[in-house]
Amino acid sequence: MDIQSAINQGAQILKNKFFLNPYLDSEILMSKVINKDKKYLLLNAQNKIEEKKLSLFKKFIDERSKGKPVSYLTNKKLFWKSEFFVTEDTLIPRPDTELIVENILNLTKNKNKISILDIGIGSGCILLSILSERKDFYGTGIDISQNCLKVANMNAINLKVHSRLKLYKSNVDKFTLGKYDLIVSNPPYIKKHILKYLDKGVVKFEPKIALDGGLDGLSEIRKVIKKSSELIKKNGKFILEIGFDQKNKVTKLLNKEGFYIKSALKDLANNDRCIICTKI
Ligand code: GLN
């Protein structure tokens, strides 16, 4: 079979299952299988595809048709200006989270040599994007998952920022090392009983530990705020990703710990998504 026919067949299978971008998904999976870019696919559409590669492609289409996100099949996700390695141990970086990177870069425009802590670093997308833009910033990342730390470390090497990064496996409440100019976190904040209503690809494949915020969605956020108030320098900045309906409750928690709200940002869908505050 040639490349084009295989892509078409794959796309048809996904289309029958009502996927949003069946053709694009099929092309991306073909690129992954034959290890070539999209331009190659277009220019070599009539080339025969080896039997072994064809069966791998069919396996990928089958997994995709069962809802597995494309990024978990390709182990890649573009975020900010870099391609991140991802596995099923990490959340797939969300475009909405780029809002955080953009705002941290603005906030720190005139700063030199600051140290940043990322609580729940995951794939590293937030902290490593910042370190790769600001060559004199230092980063520390903690995560409860050793596998996430391996992924973050690999991404740090790929982005050439590993010499300015320290990683620790730790629970947020047990971590006591250092004082930071800026702390960032995208903690799990989805209410436990809502988890099952999330997009099928998210529920079935993304790590629950990175999403589950307990009964009221705030159980991890509470710990993160408390710990940040201990680890942040005076006048330090704290940037927190939150759920669409958590702004008021989170504001109260922050005020209680001595944080002054600077701004709340809305995501691409116009939902409250991020709070920026200062420790006073
Ligand atoms: N924004 C993510 C989602 O909607 C949730 C991320 C999180 O809990 N930190 O799936």
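Quick caveat: nothing in here was measured; it's all calculated off a predicted structure.

(A) Spotlight on unusual backbone geometry. Within the chain, Phe18 stands out as a residue other than glycine whose phi angle is a positive 65°. Within the secondary structure, Phe18 is located in the loop between α1 (3-16) and α2 (22-34). You will see that Asn235, though not glycine, has its phi angle at about 70°, which is positive. Among the secondary structure elements, Asn235 is positioned in strand β7 (residues 232-241).

(B) Seen up close, the nonpolar core. Membership of the largest hydrophobic core comes to 29 residues, with the highest contact counts inside it found for Ile116, Leu128, Ile130, Val184 and Ile239. Elements with a contribution of two residues or more to this core: α6 (98-107), α7 (125-133), α8 (146-158), β6 (180-185) and β9 (272-279). In terms of residue count, the dominant contributor to this core is α7 (six residues). Once residues lying within four places of it in the same chain are set aside, the contact partners of Ile116 are Leu127, Ile130, Phe137, Tyr138, Gly139, Thr140, Tyr180, Leu182 and Val184. Judged by nonpolar contacts, the second largest core, of 28 residues, contains Tyr189, Leu211, Phe238 and Ile242.

(C) Layout of the pattern of salt bridges. What the rule picks out here adds up to 18 salt bridges. Between Glu50 and Lys53 there is a salt bridge, with its nearest N and O atoms 3.9 Å apart. Residue Glu206 is joined to Arg94 by a salt bridge in which the shortest nitrogen-to-oxygen separation is 3.1 Å. With a gap of 112 residues between them, Glu206 in the loop between α9 (200-205) and α10 (219-231) and Arg94 in the loop between β2 (82-85) and α6 connect regions that are remote in the sequence. According to the relative accessible area criterion, Glu206 is buried, its value standing at 6%. The structure contains a network of salt bridges with shared partners spanning Lys59, Glu63, Lys68 and Glu88.

(D) Examining the site of the ligand more closely. Taken together, the residues surrounding the ligand are Leu91, Arg94, Asn186, Pro187, Pro188, Tyr189, Ile190, Ala210, Leu211 and Glu241. In the model, a nitrogen atom of the ligand is placed 2.8 Å from a nitrogen or oxygen of the Asn186 side chain. Between the ligand and Pro187 there is a distance of 2.6 Å, counted from a nitrogen atom to a backbone nitrogen or oxygen. Relative to its unbound accessible area of 300 Å², the ligand is 86% covered by the protein chains.

Parameters and conventions
Residues numbered from 1 in each chain as written. Predicted model: local features only at pLDDT ≥ 70, side-chain atom pairs only at ≥ 80, totals over all residues. Heavy atoms only, no water. Helix = DSSP H or I, 4+ residues; strand = E, 2+ residues; numbered from the N terminus. Core = buried A, V, L, I, M, F, W, Y, C linked by side-chain atoms within 4.5 Å. Buried < 20%, exposed > 50% of the residue type's maximum accessible area, 1.4 Å probe, protein only. Contact = heavy atoms within 4.5 Å. Salt bridge = Lys/Arg side-chain N within 4 Å of Asp/Glu carboxyl O. Near = heavy atom within 4 Å. Polar contact = N/O pair within 3.5 Å; in protein donor to acceptor, adjacent residues only side chain to side chain. Areas by Shrake-Rupley, 256 points an atom, 1.4 Å probe, with all protein chains shown as cover.

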